[in-house]
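Chain and residue survey
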Amino acid sequence: MPTRQTARIIAVVIVVLLALITALGAGIVTAALGAGALLAVGAGGGTFVTVAGLGMHIAAYLVPPAPAPAPAAPLPPPQSQATTAAS
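Please read all numbers here as calculations on a predicted model, not as lab measurements. (Residues numbered from 1 in each chain as written. Predicted model: local features only at pLDDT ≥ 70, side-chain atom pairs only at ≥ 80, totals over all residues. Heavy atoms only, no water.)

A few points about helix H1 (residues 4–32)
For clarity, the cut-off: Put simply, DSSP H or I for four residues or longer makes a helix, DSSP E for two residues or longer makes a strand, and each gets a number counted from the N terminus. Multiplying 1.5 Å by the helix residue count minus one yields the expected span of that helix. Exposure is judged per residue with a 1.4 Å probe applied to protein chains only, and the accessible area is read against the type maximum: over 50% gives exposed, under 20% gives buried, and values in between give partly exposed. Contacts are assigned to residue pairs with any non-hydrogen atoms lying within 4.5 Å of each other.
Taking 1.5 Å as the rise per residue, H1 with 29 residues should run 42 Å; its terminal C-alpha atoms sit 42 Å apart, in good agreement. Of all the positions in H1, only Ala 11, Val 15, Ala 19, Ala 23, Ala 26, Gly 27 and Thr 30 are classed as buried. On the buried face of H1, the contacting elements are helix H2 (37–62). In the segment just after H1, Gly 34 is the residue with positive phi, at about 100 degrees.

Laid out in structure tokens, this is it:
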């Protein structure tokens with residue numbers, strides 16, 4: 001069973017790979033439809049940013065960060081200080 005940190009790293013890697021594949025496909029389709037190179041690169045870049053951003057939000061929802069540990073209770077003063085303060 002992977003730890004929470006490992007699961008988060010795997011989710012980020014999967015999201016980035018899916019965004020790259022989708023961006024490549026969008027660029028190829030745009031170029032195949034007769035658009036210029038600059039427009040095809042722009043379409044691929046926009047697709048990458050959109051898919052990666054949406055994927056990161058979904059990954060953050062599915063694999064939330066670990067809860068913060070509760071703060072420790074303050075320690076009582078040592079006996080030597082308690083007796084001198086009472087005097």
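Observations regarding the confidence of the model for the protein
For residues with low pLDDT, the predicted coordinates do not support detailed interpretation. Selection rule: pLDDT expresses, on a scale from 0 to 100, how confident the predictor is about each individual residue.
Averaged over every residue, the pLDDT of the protein is 88; the share at 70 or more is 92%. Summarising per-element confidence for the protein, the mean pLDDT is lowest in helix H3 (residues 79–86) (62) and highest in H2 (95).

Description of a nonpolar patch on the surface
Note the following rule: Residues qualify for a patch when their relative accessible area is over 30% and they have no salt bridge, like charges being joined within 9 Å and the nonpolar side chains of Val, Leu, Ile, Met, Phe, Trp and Tyr within 5 Å. Method for areas: the Shrake-Rupley scheme with a 1.4 Å probe, in which residue coverage is limited to the protein chains shown. Think of a salt bridge as a Lys or Arg side-chain nitrogen and an Asp or Glu carboxyl oxygen that are within 4 Å of each other.
Taken together, the side chains of Ile 9, Val 12, Val 13, Val 16, Leu 17 and Leu 20 present a nonpolar region at the surface, about 480 Å² in accessible area. For Val 12, a relative accessible area of 37% translates into the label partly exposed.

Some details on the environment of Gly 44
Within the secondary structure, Gly 44 sits in helix H2. For Gly 44, a relative accessible area of 9% corresponds to the buried category. Taking the C-alpha atoms as reference points, Gly 44 and Ala 26, 18 residues apart in sequence, are found 5.4 Å from one another.

Points about the packing of H1 against H2
Formally: Angular values range over 0 to 180 degrees, each being the angle between N-to-C directions of two axes fitted as lines to C-alpha atoms, with helices fitted over their stretch in contact. Each angle is binned into one of four classes, with values under 35 degrees roughly parallel, values over 145 roughly antiparallel, values of 65 to 115 roughly perpendicular, and all other values oblique. Crossing handedness is read from the near helix: turned anticlockwise from the far helix by less than a right angle, it gives a left-handed crossing, and turned clockwise, a right-handed one. Residues were grouped as follows: Ala, Val, Leu, Ile, Met, Phe, Trp, Tyr, Cys and Pro as nonpolar; Asp, Glu, Lys and Arg as charged; and all remaining residues, including Gly, as polar.
Direction vectors running N to C along H1 and H2 enclose 155 degrees, while the axes themselves pass 8 Å from each other. In terms of orientation, H1 lies roughly antiparallel with respect to H2. Here H1 and H2 pass one another in a crossing that is right-handed. Residue-level inspection shows Ala 11, Val 12, Val 15, Val 16, Ala 19, Leu 20, Thr 22, Ala 23, Ala 26, Gly 27, Thr 30 and Ala 31 of H1 in contact with H2, the latter providing Leu 39, Ala 40, Ala 43, Gly 44, Thr 47, Phe 48, Val 51, Ala 52, Gly 55, Met 56 and Ala 59. Residue composition of the contact of H1 with H2, grouped by class: 17 nonpolar, six polar and no charged.

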